[in-house]
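Below, each chain spelled out in residue letters.
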Amino acid sequence: MLRRRKSQTIKIKYHADILPLEKTEKGDWIDLRAAEDVEMKAGESRLISLGVSMKLPKGYEAHIVPRSSTFKNWGVRQTNHMGVIDNSYSGTNDIWKFPAEATRDTKILKNERICQFRIMEKQPKLVFDPVDILDDEDRGGFGSSGTK
């Protein structure tokens with residue numbers, strides 16, 4: 001029997017006149033929009049405001065990544081690969097941003113969906129146990145699984 005997860009309520013403050021966030025029926029990720037018009041030259045980097053601040057539930061964090069069409073549409077990539085926002089980044093003016101680097105001259109308009117996020121449970125506290133030998137057989141080194 002499948003169990004449905006209980007819904008969480010997240011307080012959100014909008015800092016710009018952007019369309020409200022909504023989860024699509026096709027997945028668990030929620031699109032985020034540019035909260036401003038942005039023009040960037042090739043090679044330029046900047047933080048693009050996403051126009052929201054949120055109070056995430058205790059024990060959770062948000063993972064922010066580009067949408068699959070972000071590079072194709074605007075030629076920008078996220079400079080830190082993935083953004084992590086923990087639940088302590090929750091003040092009224094802790095505005096979420098997208099760190100972008102342009103590979104070509106581009107213009108992103110306010111309200112365009114440039115990235116996406118999902119809420120994830122934080123990793124539990126870990127204790128590391130130093131040993132001299134691990135029990136498993138070696139796989140052959142990093143990158144050893146081949147290309148086919």
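Please read all numbers here as calculations on a predicted model, not as lab measurements.

> Would you explain the overall build of the protein chain in this entry?
When helices and strands are counted, the protein chain shows 1 helix and 11 strands. Counting from the amino terminus, the protein chain carries its helices and strands in the arrangement β-β-β-β-β-β-α-β-β-β-β-β. Each principal axis of the C-alpha distribution contributes one length, and for the protein chain these read about 55 × 40 × 35 Å. Taking all 148 residues of the protein chain together, the buried fraction comes to 31%. If you take every contact in the protein chain between residues at least 6 apart in sequence, the share linking residues at least 24 apart comes to 75%. Looking at the protein chain, you have 26 positive and 22 negative side-chain charges, and the mean spots of the two groups are 8 Å apart.

> Looking at this model, I keep getting lost on the environment of Asp-17. Mind explaining?
For Asp-17, the position within the fold is in the loop between β1 (11-14) and β2 (30-33). Exposure remark for Asp-17: the relative accessible area of 64% places this residue in the exposed category. Non-local contacts of Asp-17, meaning those with residues more than four positions away in its chain, are made with Lys-110 and Asn-111.

> Can you help me understand the packing of aromatic side chains in this one?
Two aromatic rings, taken as a pair, are described by how far apart their centres are and by the angle between their planes. Inspection of the entire model under this criterion finds 1 aromatic pair. Ring centres 5.2 Å apart and planes at 85° place the aromatic pair Trp-96 and Phe-117 in the edge-to-face group. A residue pair is termed long-range when its members are at least 10 positions apart, and Trp-96 in the loop between β8 (83-86) and β9 (97-102) and Phe-117 in strand β11 (residues 113-121) qualify at 21 residues. As far as the burial class goes, Trp-96 and Phe-117 line up, both buried.

The rules behind the values
- Residues numbered from 1 in each chain as written.
- Predicted model: local features only at pLDDT ≥ 70, side-chain atom pairs only at ≥ 80, totals over all residues.
- Heavy atoms only, no water.
- Helix = DSSP H or I, 4+ residues; strand = E, 2+ residues; numbered from the N terminus.
- Buried < 20%, exposed > 50% of the residue type's maximum accessible area, 1.4 Å probe, protein only.
- Contact = heavy atoms within 4.5 Å.
- Lys, Arg positive; Asp, Glu negative; His and termini not counted.
- Charge placed at Lys NZ, Arg CZ, Asp CG, Glu CD.
- Phe/Tyr/Trp six-rings, centres within 6.5 Å; stacked < 30°, edge-to-face > 60°.

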